[in-house]
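# Notes for the structure review
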Amino acid sequence: SFLTPLEVYTDKVTQVALQEWQAFVDEKAATVPDEVLDQFERSGLGMTVRQVREARDEILRLRARLPTGDAAPTTVLELAKKISAALSDLKSIPDAVRAFIARAARREAVVEDLTDEVREWLKSKDMLKQIRLGFS
């Protein structure tokens, strides 16, 4: 008769602890809407988007259950920081560069699209060597 109330109490404590853990994760690691990531991915920035998605998925995996050690909160904070930095980099890309990358990813870019602004940005990111020209 003592074990049944104890099990009920333990279940309630576990449930409350999980809710608090999830609230902590939600506060420290804001979710990234798929629509935003899809837009960047369509713009030819798939590698960065994949890194963001992987970090986001790891955060969601950690959020789903109570941590068993002290490393989980630190991991969530590090992953959130990684996502924030990647999104900041993506959002800082000038519109002309985004448009060029999107057209180039679809193999629709023409030489005129490679403006001085685009070329300088690509050069600053060491991405010029990734451009291949051809005739269609």
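These figures come from a predicted structure and were not determined experimentally.

The subject of this paragraph is the overall build of the protein chain. Looking only at helices and strands, one finds 6 helices and 0 strands in the protein chain. What you see in the protein chain, going N to C, is helices and strands ordered as α-α-α-α-α-α. Computed over its C-alpha atoms, the radius of gyration of the protein chain comes to 22 Å, more than 25% above the 14 Å expected for a compact globule of 136 residues. Its C-alpha atoms give the protein chain principal-axis dimensions of about 80 × 25 × 20 Å. When the 136 residues of the protein chain are sorted by exposure, 26% land in the buried category. Residue pairs at least 24 apart in sequence account for 59% of intrachain contacts in the protein chain once pairs closer than 6 positions are excluded. Within the structure as shown, the protein chain displays about 9800 Å² of accessible surface, and the carbon and sulfur contribution to it stands at 54%. Across the protein chain, the 21 positively charged side chains and the 23 negatively charged ones have centroids separated by 4 Å.

What follows deals with the environment of Arg56. Position of Arg56 relative to the elements: it lies in helix 3 (residues 46-63). Take Arg56: its relative accessible area is 14%, and that puts it in the buried class. In this structure, the C-alpha to C-alpha distance between Arg56 and Ile83, residues 27 residues apart in sequence, is 7.5 Å. In this view, Arg56 contacts Val32, Asp34, Leu37 and Ile83; residues no more than four positions away in its chain are not counted.

Okay, the pattern of salt bridges next. Evaluation of the coordinates by the stated rule reveals 12 salt bridges. Measuring nitrogen to oxygen at the nearest pair gives 3.5 Å for the salt bridge that ties Arg119 to Glu120. Salt-bridge contacts for Asp126 lead to Lys129; the nearest nitrogen and oxygen are separated by 2.8 Å.

What counts and what doesn't
- Residues numbered from 1 in each chain as written.
- Predicted model: local features only at pLDDT ≥ 70, side-chain atom pairs only at ≥ 80, totals over all residues.
- Heavy atoms only, no water.
- Helix = DSSP H or I, 4+ residues; strand = E, 2+ residues; numbered from the N terminus.
- Rg over C-alpha atoms; globule rule 2.2 N^0.38 Å.
- Buried < 20%, exposed > 50% of the residue type's maximum accessible area, 1.4 Å probe, protein only.
- Contact = heavy atoms within 4.5 Å.
- Areas by Shrake-Rupley, 256 points an atom, 1.4 Å probe, with all protein chains shown as cover.
- Lys, Arg positive; Asp, Glu negative; His and termini not counted.
- Charge placed at Lys NZ, Arg CZ, Asp CG, Glu CD.
- Salt bridge = Lys/Arg side-chain N within 4 Å of Asp/Glu carboxyl O.

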